[in-house]
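# Architecture at a glance
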Amino acid sequence: MSEHEIIPSGGTDMIKKVELYEPMLYYGSRPRILVEYVSDIHLLHHVRYYGGNCRKTIMSVAKSLYESHKVIYRIAFQVFLGDISSDRDVTVAFYRQYRMQDKYHQYKCFKSKMLSRDDIQTFKHKQVEYKKRSNILNNYIAKKEAIIKQLMSEIDEHVSYRKVIAPKGKSEDIKEYLESKYYKRRNLPDFVTEKILQVVSLQDEISELHKSERKINSVLERVMPDSITKLTDFRYEQRDVLGFVILGNHEYVGFPDVDTAVTFYKRQLEPLGFRVMQNEFVENEEVVFYGGTGFAKYNEQFNANNLQCCDAMMGNRLYEIEQTNLFEQGYKEAKEYAGKTGKCFICAAHYPVNSCLGNFDREAIYFTGHTHRNERKKTENIVLYADNQIGYHDNGGFDGIIRFKRVTTGSVRNPFGDLKDGCYQTTPEAYLQFYEYIGEYIGEGKLIRKRCETGQLYVIKACGYYGFFVVNNSGISIVNGGMTKKIASSQNIKWIYDNFKIVVDKYLAVLEPLREIQVQISNALKKLGFNGTIHGLIVDVDFYNHVMVNPVDGMITFYYSPVYGQVKTFESFQKQLEFMEREEMFEGKIIKYKSKEITLYNSSVLTTEKNNNVLDELTTVSRTIGAYGISRAISPLQRLFTGHVLRDFDLRLIEVENNDTQTRIMSLCGRVYVDGNYNEYLVIRDDLGEFVSLLDIDGKETVMTYQKLMSSMKGNSWTRASWLTRNATQTMNEYGEQLPNAWYNVLYDCFPELFENKKRTV
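Residues numbered from 1 in each chain as written. Predicted model: local features only at pLDDT ≥ 70, side-chain atom pairs only at ≥ 80, totals over all residues. Heavy atoms only, no water.

## Some words on the overall build of the chain
Within the chain one finds 21 helices and 28 strands. Expressed as a percentage of its 762 residues, the buried residues of the chain come to 48%. Within the chain, contacts between residues separated by at least 24 positions form 66% of all contacts whose residues are at least 6 apart in sequence. Of the roughly 39,500 Å² of accessible surface on the chain, 49% is carried by carbon and sulfur atoms. (Helix = DSSP H or I, 4+ residues; strand = E, 2+ residues; numbered from the N terminus. Buried < 20%, exposed > 50% of the residue type's maximum accessible area, 1.4 Å probe, protein only. Contact = heavy atoms within 4.5 Å. Areas by Shrake-Rupley, 256 points an atom, 1.4 Å probe, with all protein chains shown as cover.)

Right under this line is the structure:
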């Protein structure tokens, strides 16, 4: 099947519950958008490192920062995220000096390319000289080629050089062939071999001469202007935008209100080439860029009551909330516009997102500062860059170097977005691009590329859901992130596609009740200021505290886990919050947890659920079986809700078996299988297809895929399964009179010859 060849199919409608199924991460259509960013430089706090000289501080920091900037000819933004200084004159002086560095850079480039009259004459003489060298070289190459032609004609009298010798490859390969028994069988005269070696040597020499020829031609192709240039001809070419400026709370110090400060900085900085952003956005062909200070409407601890800012905001929470509302309104309008125009959306603010917006949107890429606590997040839910906050260096350690950090946003286009539903051959590169598009890093794809050396990679698309499969001589494997898992022995990818919607539909139906509870918990946690991230059976409160939902009985467990596999459980979420308060785990956040306040969320499972299985002390639990094991198994399937990608494919969910030609020739029927828990099963049905039927000693029947059955016999010797018997005869001999009653009738029906002249004593 060729790349992008479609296999048509009908299908079922997928279940849709909007609140459970997150939209795929939205990005623009350009592969990369470059952003350089810095925040919280606080120049006045660094003056002590420059001998108390403020002017030297400004010059040094501006130079260090500018030299870290890279002039790259593609979409790029240089963003200053606020808090340059609380002194307006120092702030303006810094931006002037940064512009001076840009001017000086252009001046140096101009000076390096200046042309005097002597430069022009030297260039002309050099062109004449290189032209002579070119003629001499061309004549020399022509002579060598004539010698090669003559030698080849002499060789061809004994053996065709072009048909026999040349196809062997490079000179080393030809020399190796001349030493081989195949060449020696020709019994050619020694002078023929000598002539072949002469041709090989001359061809190598000509190859090197052609390299010199290309270098000479590149010089001859250069064009030198006839006019000379002088230093007085230098003209500074100011870029449209030298940088985007976000004002921090320190920039507002000394101003009566926000509007006065914004007006001042626009008047001072925009003529220099900077764009001061306050609740406004700019756009180009690929991106909508929104910026503003933001302020702290949603932060009950660090806000206008205790932070430096303009006079109108100091101690005035109502004014701060009003200014944050303006930021929010502009943000909403810019985001909606980005969605309508199909562009990537970037939001830059001084205050953190939780303070100025209250929550993150998956459709936005954020750049923030203010906290002096560097963090970077790039998950399926959040893309945040707040990791270049310089801070005060109160404890010393400042090396005098301040740099931009540089990132390329995750603005990657879905490579399969325009495809209709179907099955297509694809490439590892497109597969990795898809995962970058959904916001998940799965490595460099080395294993996938290796699998594709001996197989073909396919993508199946159905109703907005995706699955990736590798087909090779041993069968079909589903791709799970950076790994693969074999699911079928046949190579019939069309059969997989025909049943893909059925499998996805059943997985979603099974997982929806669990997801519904998890979404309720996640939303309630986010309202309280916690993470609320869902993975497997777990919803994160923070890094150490979690809520686990048991999908079997719906029981919810609140627990603390400082180390993976070590847990301490709590009777209720309120008990967990009290523990977190005692351990000072709120990380600067004020959480309203007392009963009279948490009743605001009394409809949430957080306040109604109780856990009777409480572990007062840290206890070790298994990381492979039990709830943790189930969580690890379910985690890949949760990608159906987040990335809309299927990462497991259980053939038992399909009612119709694959009728494709099978590669197995011996049935497993009559064998006894022992699983990792030492449970014994008799194989009662095996038609050499994808499934086998097992019967335990109590008569309970189980269906398992052949691939899963065989895979269970690999791995740790203590937990892996095994065959107790290899055929029905051995089973009869092994068990004898101890043969379970449930197995007797099955064996009698399948292998009556084994029961001839034998009586069963019940």
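## Some thoughts on unusual backbone geometry
For His42, which is not a glycine, the phi torsion comes out positive at approximately 50°. Residue class for His42 comes out buried when judged on its relative accessible area of 3%.

## Remarks on the nonpolar core
Of all hydrophobic cores here, the largest spans 62 residues; its most connected members are Ile41, Phe80 and Phe94. Per-element tally for this core: the top contributor is helix α8 (residues 258–269), with six residues. If near-sequence neighbours (up to four positions away) are discounted, Phe94 is found in contact with Ile41, Leu43, Ile58, Val61, Ala62, Leu65, Phe80 and Ile84. Listed in part, the 53 residues of the second largest apolar core include Ala488, Val549, Phe579 and Leu646. (Core = buried A, V, L, I, M, F, W, Y, C linked by side-chain atoms within 4.5 Å.)

## Some details on the pairing of strand β5 (residues 280–283)
One face of the sheet, then the other: side chains in a regular strand alternate in exactly this way. Residue alternation in β5 divides its side chains into a buried set, Glu280 and Val282, and an unburied set, Phe281 and Glu283. Note: β5 against strand β6 (residues 287–292), four bridges, orientation antiparallel. The partner of Phe281 across the bridge, within β6, is Tyr290. In this antiparallel pair of consecutive strands, β5 and β6, the connection spans three residues. (Pairing = 2+ DSSP bridges.)

## Describing the sheet that holds β6
Read from one edge to the other, the open sheet built from six strands follows the order β5-β6-β7-β8-β10-β9, with strand pairing classed as mixed. The outermost strands of the open sheet, each flanked by one partner alone, are β5 and β9 (375–378). The mean angle between the axes of side-by-side strands here comes to 20°, regardless of whether they run parallel or antiparallel. (Axes fitted to C-alpha atoms, helices over the stretch in contact; angles between N-to-C directions.)

## Re the sheet that holds strand β21 (residues 566–570)
Working definition: the strands of a sheet are paired by backbone hydrogen bonds and lie parallel or antiparallel to each other. Taken in spatial order, the six strands of this open sheet run β17-β18-β19-β20-β21-β22, and their pairing is antiparallel. With one partner strand each, in any of the chains shown, β17 (534–535) and β22 (619–620) form the two edges of the open sheet. In the sheet, strand β20 (residues 556–563) pairs with β21 via four bridges, with the strands oriented antiparallel. Following the sheet pairing, Phe558 is matched in β21 by Phe570. Against the sheet, helix α13 (residues 493–527) engages β17, β18 (538–540), β19 (545–549) and β20, with an angle of about 10° to β18. Here helix α14 (residues 573–582) sits on the sheet in contact with β19, β20 and β21, set at roughly 25° to β20.

## Brief notes about the packing of helix α1 (residues 54–68) against helix α2 (residues 88–112)
Contact geometry for α1 and α2: axes closest at 9 Å, N-to-C directions at 50°. The angle between α1 and α2 falls in the class oblique. Read as a crossing pair, α1 and α2 show a hand that is right-handed. Of α2, the residues touching α1 (which contributes Cys54, Ile58, Met59, Val61, Ala62, Lys63, Leu65 and Tyr66) are Val90, Ala93, Phe94, Gln97, Tyr98, Gln101, Asp102 and His105. Residue composition of the contact of α1 with α2, grouped by class: 11 nonpolar, three polar and two charged. (Parallel < 35°, antiparallel > 145°, perpendicular 65-115°, else oblique. Left-handed = near helix turned anticlockwise from the far one by under 90°. Nonpolar A, V, L, I, M, F, W, Y, C, P; charged D, E, K, R; others polar.)

## Comments concerning the side chain of Glu213
Its place among the elements puts Glu213 in helix α7 (residues 190–220). For the buried residue Glu213, which engages in no salt bridge, the nearest side chain bearing the opposite charge is Arg214, 6.4 Å off. Not counting residues up to four positions away in its chain, the partners in contact with Glu213 are Leu137, Asn138 and Ile141. (Lys, Arg positive; Asp, Glu negative; His and termini not counted. Salt bridge = Lys/Arg side-chain N within 4 Å of Asp/Glu carboxyl O.)

## What about helix α5 (residues 171–178)?
Listed as buried for α5 are Ser171, Ile174, Tyr177 and Leu178. Relative to the axis of α5, the buried residues are bounded by an arc of 120° and lie together on one face. The exposed residues of α5 that point more than 90 degrees off its buried face are Glu172 and Glu176. The secondary structure elements touched by the buried residues of α5 are α4 (161–165), α6 (181–184) and α7. (Arc of directions from axis to C-beta.)

## Here's the deal with the pattern of salt bridges
Tallying each qualifying case throughout the model produces 18 salt bridges. The shortest N-O distance in the salt bridge between Glu328 and Lys297 comes to 3.2 Å. Here Glu328 is found in helix α9 (residues 317–341), whereas its partner Lys297 is found in the loop between β6 and α9, with 31 residues between them in sequence. In the salt-bridge network here, residues are joined through shared partners; they are Lys266, Glu270, Arg275 and Glu280.

## Observations regarding the state of the cysteines
Joining two cysteines, a disulfide is a covalent bond between their sulfur atoms. Applying the stated criterion across every chain, the model contains zero disulfides. Cysteine Cys310 remains unbridged, with the sulfur of Cys309 as its closest cysteine sulfur at 4.2 Å. (Disulfide = S-S within 2.5 Å.)

## Quick notes on the packing of aromatic side chains
Per the stated rule, a full pass over the model turns up 48 aromatic pairs. Both rings, one in Tyr50 and one in Phe398, keep their centres 6.4 Å apart while their planes meet at 70°; by these two values the pair is edge-to-face. Placement of the pair is Tyr50 in the loop between β1 (34–38) and α1 and Phe398 in the loop between β10 (383–386) and β11 (405–408), with a sequence separation of 348 residues. By the burial criterion, Tyr50 is buried, and Phe398 matches it. Consider the rings of Phe416 and Phe434, whose centres lie 5.9 Å apart with planes at 45°: the pair is tilted. Here Phe434 lies in helix α11 (residues 428–437) and Phe416 lies in the loop between β11 and β12 (422–426), a separation of 18 residues in the sequence. (Phe/Tyr/Trp six-rings, centres within 6.5 Å; stacked < 30°, edge-to-face > 60°.)

## Notes on the pairing of strand β3 (residues 243–246)
Alternating residues of β3 divide into Gly243 and Val245 and Phe244 and Ile246, and every residue in both groups is buried. Summarising the sheet, strand β2 (residues 76–80) and β3 pair through two bridges and their orientation is parallel. Following the sheet pairing, Val79 is matched in β3 by Phe244. Both β3 and strand β4 (residues 274–277) contribute to a ladder of four bridges, which runs parallel. When the bridges of β4 are listed, Gly243 appears paired with Phe274. Regarding the hand of the β-α-β motif, the stretch spanning β3, α8 and β4 is right-handed. (Right-handed = clockwise from strand over helix to strand, strands pointing away.)

## Focus: the side chain of Ser693
With respect to the element layout, Ser693 can be found in strand β26 (residues 691–696). The exposure class assigned to Ser693 is buried, which follows from its relative accessible area of 9%. Apart from residues no more than four positions distant in its own chain, Ser693 is found in contact with Leu682, Val683, Ile684, Arg685, Glu701, Thr702 and Val703.

## Regarding the packing of α5 against α7
One way to put it is that α5 packs onto α7 with a least axis distance of 10 Å and a crossing angle of 170°. Relative to α7, α5 is oriented roughly antiparallel. Residue-level contacts link Ser171, Ile174, Lys175 and Leu178 of α5 to Thr193, Ile196, Leu197, Val200 and Asp204 of α7. Its residues assigned to classes, the contact of α5 with α7 comprises five nonpolar, two polar and two charged.

## Brief notes about α13
Roughly 45° is the biggest bend found in α13, and it falls at Glu512, with proline Pro513 one to four residues downstream. Structurally, the start of α13 carries an N-cap: the backbone nitrogen of Lys494 is 3.3 Å from a side-chain oxygen of Asn492. Looking at the residues trailing α13, positive phi occurs at Gly529, about 95°. (Bend = angle between axes of the 7 residues up to and from the residue. Polar contact = N/O pair within 3.5 Å; in protein donor to acceptor, adjacent residues only side chain to side chain.)

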